[in-house]
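# Working through the structure, step by step
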Amino acid sequence: MRNCRISNEPTKSIINFGRQPLGNGFLKENEINREYFYDMSLEYSEKSMMVQLLNQPSPDKMFHENYAFFSGTSQHMSEHFKSFANSVIKGPYLSSKPFVIELGCNDGIMLQNFDEIGIRHLGIEPSHNVASVAAEKGVNVKTQFFSSQLASSILKEYGQADAILAANVMCHIPGIRDIAKAVKVLLKPTGVLQFEDPYLGDVIKKTSYDQIYDEHVFLFSAHSVKFLFGLEDLELIDVIPQSTHGGSMRYVLATKGVYPVKESVFELLKEEEMLGLNSIEKLLNFASNVEQSKLDLTTLLKSLKSKGKRIAGYGATSKSTTILNYCKIGPDLIDYITDTTPLKQGKLTPGMHIPVVNHEHFLKNPPDYSFLFAWNHAEEIMSKEVEYTNSGGKWIVHVPKVKILS
Ligand code: JHZ
C-alpha cells in the first residue's frame, strides 16, 4: 500500500470504485482483449488534507499521441480561457516585458490570447497531437512533461516567468511535489502561479463523483493547496471560484510575504472547515451519497428500459467512464453515446464498450432519453438541442441528484 503523495503518511480510504479502465481509453473492437484496468480507490491524508488516488496508471498510458480530449471542443471553454488570459494580462502581476508559461497548454486555447498581442510565452504539453494543434496556431510549445529538470533548462533558455498558468492540469500530475519545486525555480520573485481545477467542495456538494478518474489524481481544496505549495514557501494569496467543469477553483500563489493574502482565502478556509472537507467523517458521508446516486441511476435506467424506452448518452466525457464502470452501465441500457470529437467517434467507451457516434447519428436516431454525461456543458448543449427537447426528447442528469429534467 502506498502512502500520501504529499506527506508520505498513511492515508484513510474514502471510497473504492473498483476496477476502472483509462478515463479517455476509447478503443476499437479489436483492442478489447488488451484493455488496461486498475483499482480506483479514493483516499484522504489527515496530514496534507489531500484527497487523492493512490493507484494511477503511468502518465504515458494516459497522455500520448492519441490523447482524446481537445480543449477547443466547447465554445464556452474558448471564451473562458480568453477571459482567464485577459485577467492575467490586465491584472497586477505582469511586468512591462512579461514572460508567461502555461503547463499543459493542450491545443493552445489559452496561450493563443497571449500570442495574439505579442506576449512572450511558452506552453508545455506532453501529448503530441494536441501540442501540434497549438503549434499550428503559432503558440510556442515544448512537447514534454513538466518537471524540475525541464524547469532548469527553461530557466537557461528563457529566464524566470512573471506568471505560470495551468488549467485542469495540476490535478493530473502525480509527482506534484516536484512540480511545486519546479514552479519555485521558474517564478520571478514577484511572479505568480495561477491554476484552476475541479474543486473538492463542488464535488462533495453535488455528489459529482464522476470528476474522479485516472487522470484526476488529486481533488484540491484551499487547505490541501496551501499545505502542498507551503512546502516550497509559496503562499496562497487569492482564490476565485469558477463555474467551469461543474465547479472549479482558481488558486493564486506567490512567494511568501510578497503580496498580501486576500480575504477570499480566509473565507474559503473557513467554509471548507464548516463543510468538513478536512474531516474523514464528512468525506465518508460523501461516499454514502455516491452509493445512493448509483442505486438511483441504475434503478431509473432499468425502469425506463423495461418500458421499451431508447436511451442514449450525450458527451463521451472522461467523467462518464467512472459512472459507466462503477454503475455497470453498458450497451444493454445505453444504445450509444454521441460526441463531436472525431477521435472518439467509431470507437467504444472504456470498459463498458458503448459505441461512440457522431452528432449526425444523434439527429437521425433521436432517443427517448439522453443521459447528459457532459452536464458541465448543459447550457451550451441545451441551446443547441432545442429541437430535440421541443419534439419530446428528455434529458437525464445525475448531479446534484439523479433526475429527469422537466
Ligand atoms: P468535458 C476532460 O474531461 C479531460 P471530460 C481532462 N482530464 C480534464 O480535466 C477536463 O477535460 C478538463 C463533447 N461535446 O469538457 C466533447 C459534445 O459532444 O466535459 C467532449 O468529448 N457536444 C483533461 O472529458 C465532451 O463532450 C457538445 O456540444 O470529462 C465534453 O468533455 C459539447 C459542448 C461537448 O471533459
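A brief structural summary. A quick note: this is a predicted structure, and the numbers were derived from the prediction, not measured.

Most peptide bonds are trans, and most residues other than glycine sit at a negative phi. A cis amide bond links V399 with the next residue in sequence, P400, at an omega value of -10°. When you line up the elements, P400 lands in the loop between β16 (394-397) and β17 (403-404). Here H245, not a glycine, exhibits a phi torsion of approximately 50°, which is positive. Positionally, H245 belongs in the loop between β10 (234-242) and β11 (248-255). Located in the positive-phi region is K328, a residue other than glycine, with phi close to 55°. Relative to the helices and strands, K328 resides in the loop between α11 (318-327) and β13 (337-338).

Counting 91 residues, the largest nonpolar core has F146 and F220 as the members making the most contacts within it. For F146, the residues in contact, after removing those within four places along its chain, are L103, I124, A151, I154, I179, A182, V183 and L186. F81, L94, F114 and A131 belong to the second largest nonpolar core, which has 25 residues in total.

Overall, antiparallel pairing links the four strands, which are arranged β1-β2-β3-β9 in an open sheet. One side of each edge strand has no neighbouring strand; the edge strands of this open sheet are β1 (12-21) and β9 (218-219). Sheet analysis places strand β3 (residues 51-53) next to β9, joined by two bridges and oriented antiparallel. Residue pairing across strands places V51 opposite L219, the latter belonging to β9. Where α11 meets the sheet, its contacts fall on β1 and β2 (37-44), and the angle it forms with β1 comes to roughly 90°.

As for its placement among the helices and strands, S208 is situated in the loop between α7 (200-206) and β9. When its relative accessible area of 1% is taken as the criterion, S208 is described as buried. Among residues more than four places away in sequence, those in contact with S208 are D202, V203, W375 and V399.

A word on the pairing of β16. Relative to β16, strand β15 (residues 369-372) runs parallel, the two being bridged by three bridges. Each bridged residue has a counterpart across the sheet, and for Y369 the counterpart in β16 is K394. Sheet topology note: the β16/β17 ladder contains two bridges and is antiparallel. Paired with V397 across the strands is K403, a residue of β17.

What follows concerns the packing of helix α5 (residues 148-158) against helix α6 (residues 176-186). Each packed pair of helices is defined by two parameters, the angle between the axes and the distance between the axes. Between α5 and α6, the shortest axis-to-axis distance is 8 Å and the interhelical angle comes to 15°. The angle between α5 and α6 places the two elements in the roughly parallel class. Once α5 is placed against α6, the crossing between them reads as right-handed. Here S148, A151, I154 and L155 of α5 lie close against α6, whose contacting residues are D178, A182, V185 and L186.

Turning our attention to the pairing of β11. Within a regular strand, side chains alternate between the sheet's two faces. Most of β11 is tucked away, with eight of its eight residues classed as buried. Across seven bridges, strand β8 (residues 187-198) lies against β11 in antiparallel orientation. Looking at β11, one finds that D197 is bridged to M249. Direction of pairing for β10 relative to β11: antiparallel, over a ladder of eight bridges. Paired with I240 across the bridge in β11 is R250. Following β10, the chain reverses through five residues before pairing antiparallel with β11; H245 in that reversal takes a positive phi of roughly 50°.

Scanning the model with the defined rule gives 15 aromatic pairs in all. A ring pair is formed by F99 and Y158, whose centres lie 5.3 Å apart and whose planes are at 5°; its orientation type is stacked. With F99 in strand β4 (residues 99-103) and Y158 in helix α5, this residue pair connects regions lying 59 residues apart in the sequence. Residues F99 and Y158 agree in their burial class; the two are buried. Taking the ring centre of F99 as reference, the NZ or CZ of R120 above it sits at 4.4 Å. Here the basic side chain of K294 rests over the ring of Y326, its NZ or CZ set 4.3 Å away from the ring centre.

Reading the values: rules and limits
- Residues numbered from 1 in each chain as written.
- Predicted model: local features only at pLDDT ≥ 70, side-chain atom pairs only at ≥ 80, totals over all residues.
- Heavy atoms only, no water.
- Helix = DSSP H or I, 4+ residues; strand = E, 2+ residues; numbered from the N terminus.
- Core = buried A, V, L, I, M, F, W, Y, C linked by side-chain atoms within 4.5 Å.
- Buried < 20%, exposed > 50% of the residue type's maximum accessible area, 1.4 Å probe, protein only.
- Contact = heavy atoms within 4.5 Å.
- Pairing = 2+ DSSP bridges.
- Axes fitted to C-alpha atoms, helices over the stretch in contact; angles between N-to-C directions.
- Parallel < 35°, antiparallel > 145°, perpendicular 65-115°, else oblique.
- Left-handed = near helix turned anticlockwise from the far one by under 90°.
- Phe/Tyr/Trp six-rings, centres within 6.5 Å; stacked < 30°, edge-to-face > 60°.
- Lys NZ or Arg CZ within 6 Å of the ring centre and 35° of its normal.

Note that all results are geometric; they support no functional claim without further evidence.
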